[in-house]
Amino acid sequence: MTVYLDANASEPLRPAAFEVMARAAFLSGNPSSIHAEGQAARRVLEDARQVLAEAFGTEADGVIFTSGGTEANALALHAFRRQRLAMGATEHDAIRTPARRHAQVTALDVTPEGALDIDALGAFLDSGDAALVCVMAANNETGVLHPIREIAALCRSAGAWLHVDAVQAAGRVPVTLDTLGADSLAISGHKFGGPKGAGALLTRAATVDPLIQGGGQERGRRGGTPPLPAIAGMAAALREALAEDGSQQRVWRDRIEAAAREVGARVAGADAPRLGQTSALVLDGVAAQTQLIALDLAGYAVSAGAACSSGKVAFSHVLDAMGYGVAAGHAIRVSLPWNVEESDVEGFIAAYRAMALRLGGAGRRA
Ligand code: PLP
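The rules we used
- Here, residues in each chain are numbered from 1, in the same order as that chain's written sequence.
- The predicted origin of the model limits local features to residues at a pLDDT of at least 70 and limits the giving and counting of side-chain atom pairs to 80 or more, whereas totals for whole chains, interfaces and linings rest on all residues.
- Neither water nor hydrogens contribute to the side-chain values; these are computed over all heavy atoms in the structure.
- Residues are counted as near a molecule or strand when any one of their heavy atoms sits within 4 Å of it.
- We call two N or O atoms a polar contact when they sit within 3.5 Å, provided that within protein one can donate a hydrogen and the other can accept it, with sequence-adjacent residues counted only if both atoms are side-chain atoms.
- Reported accessibility uses the Shrake-Rupley method at a 1.4 Å probe radius. Residues are deemed covered only where the shown protein chains occlude them.
- Think of it this way: any DSSP run of H or I at least four residues long counts as a helix, any run of E at least two long counts as a strand, and we number them from the N terminus.
- Here, nonpolar core means buried Ala, Val, Leu, Ile, Met, Phe, Trp, Tyr and Cys residues that are tied together by side-chain atoms lying within 4.5 Å of each other.
- Only protein chains enter the accessibility calculation, which uses a 1.4 Å probe; a residue whose area is less than 20% of its type maximum is buried, one above 50% is exposed, and one in between is partly exposed.
- The contact rule is simple, with two residues in contact once any of their heavy atoms fall within 4.5 Å.
- In this description, strands pair whenever DSSP reports at least two bridges between them.
- A fitted line through C-alpha atoms serves as each axis, taken over the contacting stretch for helices, and the angle formed by two N-to-C directions is quoted from 0 to 180°.
- Ring geometry is summarised as follows: Phe, Tyr and Trp rings, the Trp one being its six-membered ring, pair when their centres sit within 6.5 Å, and such pairs are stacked at plane angles under 30 degrees, edge-to-face over 60 and tilted between the two.
- Salt bridges are identified by distance alone: a Lys or Arg side-chain nitrogen within 4 Å of an Asp or Glu carboxyl oxygen.
- Each direction from the helix axis to a C-beta atom contributes to the arc, which is the arc of those directions.
- Should an angle fall under 35 degrees it is taken as roughly parallel, and over 145 as roughly antiparallel, whereas 65 to 115 is taken as roughly perpendicular and any remaining angle as oblique.
- Definitions for this section: a left-handed crossing has its near helix turned counterclockwise from the far helix by less than a right angle. A right-handed crossing has that turn clockwise.
- Three classes are used: nonpolar for Ala, Val, Leu, Ile, Met, Phe, Trp, Tyr, Cys and Pro, charged for Asp, Glu, Lys and Arg, and polar for all others, with Gly counted as polar.
- The split into domains, and so the bounds of each, comes from an automatic or database assignment of domains.
- Here's the idea: put two parts together, see how much 1.4 Å probe accessible area each one loses, and the total over both is what we call buried area.

**Q** Explanation requested: the site of the ligand in the structure shown.
**A** Around the ligand, the structure places 14 residues, and the nearest of them are T70, D165, Q168, S188 and K191. Within the backbone of G69, a nitrogen or oxygen atom sits 2.8 Å from an oxygen atom of the ligand. Take S188: an N or O atom from its side chain is 2.6 Å from an oxygen atom of the ligand. Compared with its free state, where it exposes 390 Å², the ligand has 89% of that area covered by protein. If one sorts the elements of the shell around the ligand by residue count, helix 3 (residues 69-78) sits on top with 3 residues.

Right under this line is the structure:
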């Protein structure tokens, strides 16, 4: 059986979320209907909204349910599409791709450790009227946490809107609109053990320009009957994720990194504040694809960069922006799920060591 160490692509579903989903799936009513069945469904929807509102520090009105992180980010960007935008160079494609439609886009440099270069942001804000700044809370490939509070202070004094893609941070490290100083946040249920297919935009905006128009759901901000089981499951998963402190994962993550270094690997962003369950391991000279195949054959599911780009050659724009050059094609990501066990970690270390000793040696198999 494969050992799953690819939590940043998708966390395994939490049984508590599944139980809630199964109950919600048998509610026949549409939350927009007036009758008792409709109102029962409405209560489940509004309870889930309240869980998210409390978790992320907003009013219930500030929660807009979406199909996931990609849609939440796209919705945040949509209102600013004719305006000037800056984003971190290491953003996920869920920001980089819709950003291309904007009138003017600037990619802000990151430091060699992968955190946004504050001076680059300052220069951008000084250079004209900025409407929107997008920076992720935690990077999906390295786990590096950007200095969002500092970024928020600069944006506030320049009058720019700060949108934070919190898809990888939510449920893993404390993120609220207030503690970050953000104006909006995107989150995604399947990244903290909920089902795929539900996410949310948490926003301070009084009006939102909808991407999907329809029957006036979500107060006219996102049309379509909401996927009640997925939303209820997301809220249940969030509750459980927030009750965990991740300290055990951090210990095991450190053990993996120490073992990887012993066989010549580098850890991208190692000295930056970062998520406790993510490692970007660079094995110079060994193509990421080759590493993935070797580990897959040994029974370990990890990834190279973003899962969404499967099929593409595994060259990481994140590591490239951090200055890794050709080694940006030689990195794999290990991300420990909520239910990882010590034997999984020990087994992975043995498999990685064997793979690195067999294939390693800078420059041999670039
Ligand atoms: N933002 C980040 C940082 C991500 O890692 C991902 C998914 O990997 C997304 C956005 C997209 O989220 P979803 O898969 O829910 O659309």
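**Q** What am I meant to see in the nonpolar core here?
**A** Across soluble globular proteins, nonpolar side chains have a tendency to be buried as a group. Grouped together as the largest cluster of nonpolar side chains are 53 residues, with contacts concentrated most on L52, F56, F65, L162, V164, L185 and I187. Excluding residues within four positions of it along the chain, L162 makes contact with V133, V135, I148, I151, A152, C155, G181, A182, D183 and S184.

**Q** What exactly am I supposed to notice about unusual backbone geometry here?
**A** In terms of backbone geometry, most residues other than glycine have negative phi values and most peptide bonds are trans. The backbone of E218 shows a phi angle near 50°, a positive value even though the residue is not glycine. Residue R219 is not a glycine yet carries a positive backbone phi of 55°. Note on R219: relative accessible area 55%, which makes it exposed.

**Q** Any chance you could explain the sheet that holds strand 7 (residues 184-188) here in plain terms?
**A** What links the strands of a sheet is backbone hydrogen bonding, and the strands pair in either a parallel or an antiparallel sense. Pairing within the open sheet is mixed, and its 7 strands lie in the order 2-8-7-6-5-3-4. Single-partner strands in this sheet number two, and they are strand 2 (63-66) and strand 4 (104-108). On average, each strand axis in the sheet is inclined to that of its neighbour by 20°, with strand direction left out of account. Two elements, strand 5 (residues 132-136) and strand 6 (residues 161-165), share 5 bridges in a ladder whose sense is parallel. Looking at the pairing, L132 lines up with W161 of strand 6. Helix 2 (residues 36-56) rests against strand 2, strand 7 and strand 8 (199-203) of the sheet, and its axis sits at about 115° to strand 2. Of the strands in this sheet, strand 3 (84-88), strand 4 and strand 5 are in contact with helix 5 (residues 118-126), which crosses strand 4 at around 155°.

**Q** Mind showing me how you'd approach the packing of aromatic side chains here?
**A** The geometry of two aromatic rings is summed up by the distance between their centres and the angle between their planes. Scanning the model with the defined rule gives 3 aromatic pairs in all. With 5.9 Å between their ring centres and 70° between their planes, Y300 and F348 make a pair best called edge-to-face. Taken together, the residues Y300 in strand 11 (residues 300-301) and F348 in helix 12 (residues 342-359) connect sequence positions 48 residues apart. Exposure remark for Y300: the relative accessible area of 11% places this residue in the buried category. A residue is classified by how much of its surface remains accessible, and F348, at 0% relative accessible area, is buried.

**Q** Help me understand the sheet that holds strand 10 (residues 278-282) in this model?
**A** Across the sheet, 3 strands lie side by side as 9-10-12; this open sheet has antiparallel pairing. Two strands bound the open sheet, and with one partner strand each, they are strand 9 (266-267) and strand 12 (331-335). Alignment of strand 10 against strand 12, held across 5 bridges, turns out to be antiparallel. Each bridged residue has a counterpart across the sheet, and for T278 the counterpart in strand 12 is S335. Of the strands in this sheet, strand 9, strand 10 and strand 12 are in contact with helix 9 (residues 247-262), which crosses strand 10 at around 5°.

**Q** Can you walk me through the pattern of salt bridges in this structure?
**A** Once the charged atoms of two side chains with opposite charge are near each other, the side chains can pair. Tallying each qualifying case throughout the model produces 19 salt bridges. Close ionic contact of R333 with D6 constitutes a salt bridge, the shortest N to O distance being 3.1 Å. Here D6 lies in the loop between strand 1 (3-4) and helix 1 (15-25) and R333 lies in strand 12, a separation of 327 residues in the sequence. Like R333, the residue D6 is buried in the burial classification. Notably, a salt bridge pairs R274 with E257, separated by 2.9 Å at the nearest N-O pair. With R274 in the loop between strand 9 and strand 10 and E257 in helix 9, this residue pair connects regions lying 17 residues apart in the sequence. On the basis of relative accessibility, which here comes to 8%, the residue R274 falls in the buried class.

**Q** Is there a simple way to explain helix 1 in this structure?
**A** Because an α-helix completes one turn every 3.6 residues, residues spaced three or four positions apart along the sequence face the same direction. If you check which residues of helix 1 are buried, you get A17, M21 and A24. Viewed along the axis of helix 1, the buried residues span an arc of 65°, placing them on a single side of the element. The exposed residues of helix 1 that point more than 90 degrees off its buried face are E19 and R23. The secondary structure elements touched by the buried residues of helix 1 are helix 8 (228-242).

**Q** Hey, could you run me through the packing of helix 10 (residues 288-297) against helix 12 in this one?
**A** For the pair helix 10 and helix 12, the least separation of the axes is 10 Å and the interaxial angle reads 130°. By the angle between their directions, the pair helix 10 and helix 12 is classed as oblique. The handedness of the crossing between helix 10 and helix 12 is right-handed. Between helix 10, through T290, Q291, A294 and L295, and helix 12, the contact on the second element is made entirely by F348, A351, Y352, M355, R358 and L359. The class makeup of the residues in the contact of helix 10 with helix 12 is 7 nonpolar, 2 polar and 1 charged.

**Q** What exactly am I supposed to notice about the domain arrangement of the protein chain here?
**A** The extent of an interface is frequently quoted as the accessible surface area lost upon association of the parts. Here the protein chain is described as being made up of domain 1 (3-11 + 245-365) and domain 2 (15-242). The C-alpha centroid of domain 2 is placed 27 Å from the C-alpha centroid of domain 1. Each partner contributes residues to the interface: domain 1 has 29 residues there, and domain 2 has 29 residues. A buried area of about 2300 Å², summed over both sides, lies between domain 1 and domain 2, and 54% of it is on carbon and sulfur atoms. In terms of surface lost to domain 2, no three residues of domain 1 exceed L275, H317 and M322, which account for 26% of the buried area on that side. At the junction of domain 1 and domain 2, the tally comes to 1 salt bridge.

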